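Structural overview
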Amino acid sequence: MTKRILLTLGAIALILSGLYLWQYSRLHRTRPTLFNAERAYQDVVYQVSLGPRTPGSEAHEKAIEYFRSELQKANWQVDVQYVEVNGQLLKNVVARRSDVPPKIILGAHYDSRLMADKDPDPKKQQEPVPGANDGASGAAVLLELGRILPANSVPVWLVCFDGEDQGGIPGWEEWSR
């Protein structure tokens, strides 16, 4: 009889310990961070507030510094790669977590067009393009991914490419050489 009581108490203690550990692990486990669409949208708003990010402009330089700052806050190593193409200096922003060669490269361009030459309104065709839905949105997605990707994932590089939106300036192709 005493043996049966001890076994019952032991089983109850084991079950209660298991329940406690299960509940503790549920409350204290690291949960994956979700993509914050509002924060990414604010990245777009900020980039557009700088003005057109045409290569060589003040807005272009401020965007590069913003990318660098935001990615460094998220513990990425950030370098700017300088490439001259057709007499134009292009600046690709490359973020990595280590010196291990990447298994994945996620990229988007951040520059905006010098002229809205395809705008249906001829009066606007000589104006620069704000680049919200094209350059700024892709770069914003990269920034948000940089904030939420776990540091222990496969080696990933995030690259904000320059020169893609200009047409005739092969920014992407030049980078991959």
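The structure contained in this document is the topic of the report that follows. Everything quoted here is computed from the prediction, not taken from an experiment. (Residues numbered from 1 in each chain as written. Predicted model: local features only at pLDDT ≥ 70, side-chain atom pairs only at ≥ 80, totals over all residues. Heavy atoms only, no water.)

1. So, the packing of helix α2 (residues 37–49) against helix α4 (residues 132–148)
Closest axis-to-axis distance for the α2/α4 pair is 8 Å, and the angle between their directions is 135°. Of the possible angle classes, the one that applies to α2 and α4 is oblique. Crossing hand, α2 versus α4: right-handed. Touching Arg39, Ala40, Asp43, Val44, Gln47 and Val48 of α2 are Ala132, Gly135, Ala136, Ser137, Ala139, Ala140, Leu143, Glu144, Arg147 and Ile148, all from α4. (Axes fitted to C-alpha atoms, helices over the stretch in contact; angles between N-to-C directions. Helix = DSSP H or I, 4+ residues; strand = E, 2+ residues; numbered from the N terminus. Parallel < 35°, antiparallel > 145°, perpendicular 65-115°, else oblique. Left-handed = near helix turned anticlockwise from the far one by under 90°. Contact = heavy atoms within 4.5 Å.)

2. A few points about helix α3 (residues 58–73)
Between its first and last C-alpha, α3 extends 23 Å over 16 residues, near the 22 Å set by a 1.5 Å rise per residue. Residues of α3 that are buried: Ala59, His60, Ala63, Ile64, Tyr66, Phe67, Glu70 and Leu71. Projection of α3 onto a plane perpendicular to its axis shows the buried side chains occupying an angular sector of 160°, all on one side. Exposed side of α3, more than 90 degrees from the buried face: Glu58 and Lys73 are the residues found there. Against α2, β1 (77–85), β2 (88–96), α4 and β4 (156–161) lie the buried residues of α3. Following α3 by one or two positions, Asn75 has its phi on the positive side, about 70°. (Expected span 1.5 Å × (residues − 1). Buried < 20%, exposed > 50% of the residue type's maximum accessible area, 1.4 Å probe, protein only. Arc of directions from axis to C-beta.)

3. Focus: the nonpolar core
When a protein is soluble and globular, its nonpolar side chains tend to lie buried together. Grouped together as the largest cluster of nonpolar side chains are 21 residues, with contacts concentrated most on Phe67, Leu71, Trp76, Tyr110, Leu158 and Cys160. When residues in this core are grouped by element, the largest group, 6 residues, is from α3. Leaving out residues up to four positions away in the same chain, Trp76 has contacts with Leu71, Ala95, Arg96, Arg97, Gly146, Leu149, Val156 and Leu158. (Core = buried A, V, L, I, M, F, W, Y, C linked by side-chain atoms within 4.5 Å.)

4. What to know about the pattern of salt bridges
Tallied over the full model, the rule gives 11 salt bridges. With a closest N to O distance of 2.7 Å, Asp43 and Arg147 form a salt bridge. Of this pair, Asp43 sits in helix α2 while Arg147 is found in helix α4, placing the two residues 104 residues apart along the sequence. Among the residues examined, Asp43 registers a relative accessible area of 2% and is labelled buried. Between Glu144 and Arg147 there is a salt bridge, with its nearest N and O atoms 2.9 Å apart. In this pair, Glu144 and Arg147 both sit in helix α4, 3 residues apart, roughly one turn of the helix. Here the residues in one salt-bridge network are Arg39, Asp43, Glu70, Lys73, Glu144 and Arg147, joined through shared partners. (Salt bridge = Lys/Arg side-chain N within 4 Å of Asp/Glu carboxyl O.)

5. Overview of unusual backbone geometry
Peptide bonds are mostly trans, and most non-glycine residues show a negative phi. Phi at Asn75 takes a positive value of approximately 70°, unusual for a residue other than glycine. Its location among the elements puts Asn75 in the loop between α3 and β1. Owing to a relative accessible area of 62%, Asn75 belongs among the exposed residues under this scheme.

6. As for the sheet that holds strand β3 (residues 104–109)
Spatially, 4 strands are ordered β1-β2-β4-β3 in an open sheet, and the strand pairing comes out mixed. A single partner strand is all that each edge strand has here, and the edge strands are β1 and β3. Neighbour to neighbour, the strand axes of the sheet diverge by 20° on average, direction disregarded. Across 4 bridges, β2 lies against β4 in antiparallel orientation. In the sheet register, Ala95 faces β4, and the bridge partner there is Leu158. Lying over the sheet, α3 contacts β1, β2 and β4, oriented at roughly 10° with respect to β2. Strands in contact with α4 are β3 and β4; relative to β3, the strand with the most contacts, it is inclined by about 145°. (Pairing = 2+ DSSP bridges.)

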